[in-house]
Every structure is written in C-alpha cells, then in structure tokens.
Amino acid sequence: MKKESIIIESIPAILWGEKSNIGYIYVHGKLSDKEDARGFAEKSVPKGYQVLSFDLPEHGERLTANYPCTVWNSVLDLNTISKYAQRNWSDICLYGNSLGAYFSLLAYKDLPLRKCLFLSPILDMERLIQNMMRWSNISEQELKDKQEIPTTMGEILSWDYYCYVKKNPINKWKTPTSILYGSADNLTERVIVERFANRFACNLDVLEGSEHWFHTDLQLAYYDEWVDKNV
C-alpha cells in the first residue's frame, strides 16, 4: 500500500493509497497519532479510497511543539486539513475516533461530506467535563476561580475550554453517519449516544460489554467487521 508523508501548513500528515477522487479524512483520538490510520487504510484503500491522517496538536510528531491540544486549535487544524482534502478529492468521507470525533463534529458541521464513521465518539463534551469535575470533587466555581485544575485521572480541566464547549454545543450534523459504541464506555453514556443517533438519523452498532477503547481480540474482530460493512 502506498504511503506518502506530507506536511499540510506545518501539520505532519500521511496520505495512504494511490491517487483517487474520493478519500477519508482520518481524525485520531487522544494519545494516538496519524500512524494509527494504517489498519483503517488497509481496509479502505483496496475499495478505491485514499486516507488522509494527521497528528492532532500535542500528538505524534507534534508532541513537543508549543501548540496545545485545545478544542479551538484542533478545530483550526481540522479546517486546514479539510481545505487540502477539498483541493484533491471530489468526494470526502470522514472517520473520527473518540476525541477526534468530537473535534470533527465542531469543525465539519457544514462540510459536504459523503459519509462518516465514528468509533467511540465523544458526543457531549460539556457533560463529560461535568462528569470529570464530579469524579474529582471540583465545583464549577472552583474551576472558574483557578482557571486550570489537574484531576485525579491525570487530565487538566480548563475553564476556557469548558466555556468554549458550553458556547458551542453539537446541534447540527447532516452527514450520513455510522457509529460503533461499546456499552461500557465510561466517557459517553449510552443515553447520549442513543439520543445523538436518533436526532441525526445515524446507524448505531453497540458492542455489549466493550469499553471506550476497543482492544481485545473479540472487540477488534467486531470492529473489523463493522469497518468492512460501512466503508
């Protein structure tokens, strides 16, 4: 499989597959990188797609760059990537994993996408931040006063991030979308993913007992079947 490393306005990226008029923008999740797209590319490239993956801020080759992985920086980068895709493809599809799905929902709500695949998507960041505050016994007023607070889970909660999320709810999504979700996902509650799927007419596959991170042999086999069916 052809693999070309490229730079898109300072963003390290990989273009997988031979030249095509249709492709997937691949948006990885937290603690991952552009190389994570290999498995997905191996399934989609033989079907005629190219795949464009890239490093989110503070991930992959950008780990030491002075450019934090905030929601606004990530949305800006996703818009840069989509402009490249629009120049090179007549049809654009989307794959978003976890946090990458959330950034995509913000950045691509008006982008004319052909279809979308979401794995373990974060669909309500405001709810997730509120849950993390509750798990760590942090009040909204305390976060506002301190601006940033490390949590017991290793995450740093930010007041500015929280305010951005509250001001930018996910209320528009028009792309035909298929979602794979684990019933034991502790980052996105089942009621939230079901509500999202109903609201935006998404196809929802639920793997009972699976967590947010698909990693066991059974989970990965189910994931492979899901990709084959939906790409």
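> Is there a simple way to think about the overall build of the chain in this case?
A count of helices and strands for the chain gives eight helices and ten strands. Rg of the C-alpha trace for the chain: 17 Å, near the compact-globule value of 17 Å for 231 residues, within the 12% margin. Expressed along its principal axes, the backbone C-alpha trace of the chain runs to roughly 50 × 40 × 30 Å. Across the 231 residues in the chain, those meeting the buried criterion constitute 53%. Taking contacts inside the chain between residues at least 6 apart in sequence as the whole, the part at least 24 apart equals 66%. On the chain, the mean spot of the 26 positive side-chain charges and the mean spot of the 31 negative ones are 6 Å from each other.

> Explain the packing of aromatic side chains to me, please; I cannot follow it from the model alone.
Aromatic ring pairs are described here by two measures, namely the spacing of the ring centres and the angle between the planes. Under the defined criterion, the tally for this structure stands at twelve aromatic pairs. Look at Tyr24 and Phe40: their rings are 5.0 Å apart centre to centre, the planes differ by 85°, and that puts the pair in the edge-to-face class. Here Tyr24 is found in strand 3 (residues 22-27), whereas its partner Phe40 is found in helix 1 (residues 38-44), with 16 residues between them in sequence. With a relative accessible area of 2%, Phe40 lands in the buried category. Between the aromatic rings of Tyr26 and Tyr95, the centroid separation amounts to 4.6 Å while the plane-to-plane angle is 5°, which identifies the pairing as stacked. Taken as a pair, Tyr26 in strand 3 and Tyr95 in strand 5 (residues 91-97) lie far apart in primary sequence, 69 residues in all. Site record: aromatic cluster; members linked through ring pairs are Tyr24, Tyr26, Phe40, Tyr49 and Tyr95.

> When you look at the packing of helix 2 (residues 71-88) against helix 6 (residues 159-167) in this model, what are you seeing that I'm missing?
The relative placement of two packed helices comes down to the angle between their axes together with the axis-to-axis distance. Two elements in contact, helix 2 and helix 6, have axes separated by 9 Å at closest approach and are oriented at 55°. Here helix 2 is positioned oblique relative to helix 6, judged by the angle of their axes. Where helix 2 abuts helix 6, its residues Val71, Trp72 and Val75 lie against Asp160, Tyr161 and Tyr164. Its residues assigned to classes, the contact of helix 2 with helix 6 comprises five nonpolar, no polar and one charged.

> How do you make sense of the side chain of Asn230 when you look at a structure like this?
Residue placement: Asn230 occurs in helix 8 (residues 217-230). Its relative accessible area of 15% is what places Asn230 among the buried residues. A polar contact is formed between the side chain of Asn230 and the backbone oxygen of Trp226, at a distance of 2.8 Å. Excluding its chain neighbours within four sequence positions, the residues that come into contact with Asn230 are Tyr24, Lys115, Leu117 and Ser178.

> Explanation requested: the side chain of Asn97 in the structure shown.
Along the chain, Asn97 falls in strand 5. Overall, Asn97 belongs to the buried group, its relative accessible area being 16%. Residues contacting Asn97, with those up to four places away along its chain left out, are Val27, His28, Gly29, Asp36 and Leu119.

> How do you make sense of the nonpolar core when you look at a structure like this?
Side chains that are nonpolar tend, in soluble globular proteins, to be buried together. Ile25, Tyr102, Tyr108 and Trp173 are the most contacted members of the largest nonpolar core, which totals 57 residues. At seven residues, the largest contribution of residues to this core is made by helix 3 (residues 99-107). Counting 22 residues, the second-largest nonpolar core is a separate cluster that includes Trp16, Ile22, Tyr24 and Phe214.

> Explain the state of the cysteines to me, please; I cannot follow it from the model alone.
Note: disulfide means a covalent bond formed between the sulfur atoms of two cysteine side chains. The final tally for this structure, using the stated rule, is zero disulfides. With no disulfide of its own, Cys93 has Cys116 as its nearest cysteine by sulfur position, at a separation of 9.2 Å. Classification of Cys93 as buried rests on a relative accessible area of 0%. Unpaired in this structure, Cys163 has its nearest cysteine sulfur neighbour in Cys69, at a distance of 18 Å.

> Explain the packing of helix 2 against helix 3 to me, please; I cannot follow it from the model alone.
Viewed as axis vectors pointing N to C, helix 2 and helix 3 meet at an angle of 70°, and their least axial separation amounts to 9 Å. Considered as vectors, helix 2 and helix 3 are oriented roughly perpendicular to each other. As for the relative orientation of helix 2 and helix 3, their crossing is right-handed in sense. Taking contact as the criterion, the partners of Val71, Ser74, Val75, Leu78 and Asn79 in helix 2 are, on helix 3, Tyr102, Phe103, Ser104, Leu106 and Ala107. Residues that form the contact of helix 2 with helix 3 fall into these classes: seven nonpolar, three polar and no charged.

What counts, and at which threshold
Residues numbered from 1 in each chain as written. Predicted model: local features only at pLDDT ≥ 70, side-chain atom pairs only at ≥ 80, totals over all residues. Heavy atoms only, no water. Helix = DSSP H or I, 4+ residues; strand = E, 2+ residues; numbered from the N terminus. Rg over C-alpha atoms; globule rule 2.2 N^0.38 Å. Buried < 20%, exposed > 50% of the residue type's maximum accessible area, 1.4 Å probe, protein only. Contact = heavy atoms within 4.5 Å. Lys, Arg positive; Asp, Glu negative; His and termini not counted. Charge placed at Lys NZ, Arg CZ, Asp CG, Glu CD. Phe/Tyr/Trp six-rings, centres within 6.5 Å; stacked < 30°, edge-to-face > 60°. Axes fitted to C-alpha atoms, helices over the stretch in contact; angles between N-to-C directions. Parallel < 35°, antiparallel > 145°, perpendicular 65-115°, else oblique. Nonpolar A, V, L, I, M, F, W, Y, C, P; charged D, E, K, R; others polar. Polar contact = N/O pair within 3.5 Å; in protein donor to acceptor, adjacent residues only side chain to side chain. Core = buried A, V, L, I, M, F, W, Y, C linked by side-chain atoms within 4.5 Å. Disulfide = S-S within 2.5 Å. Left-handed = near helix turned anticlockwise from the far one by under 90°.

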